[in-house]
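# Examining the three-dimensional arrangement
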Amino acid sequence: MKAFLRWASLVVAAVLFLLPFYLLLRNGLASRAEIVSPQWTFFPVTVHWENFSRLFSLPDVPFARSLLNSALVATLQTTGLLVVCSLAGYGLARIPYRHAKIVFYAVLATLMIPTSVTFVPSFVVVSSLGWLSDFRGLVIPGLFSAFSVFLFRQYFSDFPRELEEAGRVDGLSRWGVFWRIVVPNSKGFFAAIAVITVIGSWNAFLWPLIIAQSPDSWTVQVALSGLLTAQNPQLNLLFLAAAVSILPIVLLFAFLQRYLVRGVTESGLGGS
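This text gives an overview of the structure that appears in the document. (Residues numbered from 1 in each chain as written. Predicted model: local features only at pLDDT ≥ 70, side-chain atom pairs only at ≥ 80, totals over all residues. Heavy atoms only, no water.)

## Observations concerning the packing of helix H4 (residues 63–94) against helix H10 (residues 174–182)
- In the contact formed by H4 and H10, the axes pass within 12 Å of each other and the chain directions differ by 115°. The handedness of the crossing between H4 and H10 is right-handed. In this structure, H4 contributes Ser86, Leu87, Tyr90 and Arg94 to the contact, and H10 contributes Arg174, Trp175, Val177, Phe178, Trp179 and Val182.
- Here the residues of the contact of H4 with H10 sort into seven nonpolar, one polar and two charged. (Axes fitted to C-alpha atoms, helices over the stretch in contact; angles between N-to-C directions. Helix = DSSP H or I, 4+ residues; strand = E, 2+ residues; numbered from the N terminus. Left-handed = near helix turned anticlockwise from the far one by under 90°. Contact = heavy atoms within 4.5 Å. Nonpolar A, V, L, I, M, F, W, Y, C, P; charged D, E, K, R; others polar.)

Spelled out as C-alpha cells, the structure:
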C-alpha cells in the first residue's frame, strides 16, 4: 500500500510538473482561434508546424539572434564568474590575512542590499562607459556574485589541506596549487555553480531589457516581451517561443541536476 501511495504521489507530481510544458506546446502548435476558443481540445485539430518557421522569421523580433545572444551572455558570464568568484573564495579561505574575516563579512553584507538600490548606479556606470546595446554591458556587471563567493569560500574551507601541502612540497606556488590541484579536484562543485549561474543568466530580464536597447542585442527574455507587448500579439507564436526558450534550461537541468544537490551539500549549506 505504501508503495502504491508513493508511486501515485510521484505520478501526480509528474503530471503537475509537465502540465505547463504541455500547455506551451499545445498552444504553440495551435491556431489563434483554437487558443481563445471556449471549447477546449486536448490536441489542436490541426497541428501548425509552420509556426516554427513563422517564429524564426518575424521581422520585428529577431528570435534566433536573441537565442544566440542569450547563449553567448550565459557562457561568458558563467565563465567569468567562475574565475573571479573562485579566486575570491579561495583567497578568503586559504590566504592568511588578518582582515580576511572583515572582508568576508563585508561581502556577505552586500547580499542584504536590495537590487533596486544598485540598479540605477549600475546603469549610470554602464551608460557612461558606452556599453549600452553591447555585450560588455550585459556580461561584465554580472561577473561578481557575493553568494557565489560565499559558496566557494565555504567549499574551499573544507578542501583537504593535505593535497595543497603536497603541491607546495613539489614546488608549486599558491597560484599553481590552485589551478593544478584545487580546481581539477573541484570539478563537481564548479559544475554546480555553473548550472546555477547559467540558469540565472538565461532567465534574467530587467537588466537586459534596459541595457539591450537595440534588437540585435536582445536576449531571449527581451524577445519574449517584444512578442507579448506587440500591438497585435500572436498568441500561438508567444507560447511556442516560450517553449523553445526554456528547452535549453530544461535539458541543462535534466543532465546536471545532481550537481545542484552536490553544490549545496559540499558548500556546507545542507547541514551536517
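What follows continues from the structure just given.
## Observations regarding helix H5 (residues 100–109)
- Among the residues of H5, Ala100, Phe104 and Val107 are the ones counted as buried. With its buried residues spanning 60° around the axis, H5 presents them on a single face. Across H5 from its buried face, at more than 90 degrees, point the exposed residues Lys101, Ile102 and Tyr105. (Buried < 20%, exposed > 50% of the residue type's maximum accessible area, 1.4 Å probe, protein only. Arc of directions from axis to C-beta.)

## Focus on helix H1 (residues 2–28)
- Here H1 contains 27 residues, and its C-alpha end-to-end distance of 39 Å stays within 8% of the 39 Å for a straight helix at 1.5 Å per residue.
- Looking only at H1, the buried set comprises Tyr22, Leu24, Arg26, Asn27 and Gly28. (Expected span 1.5 Å × (residues − 1).)

All quantities given are derived from atomic positions and should not be read as evidence of function.
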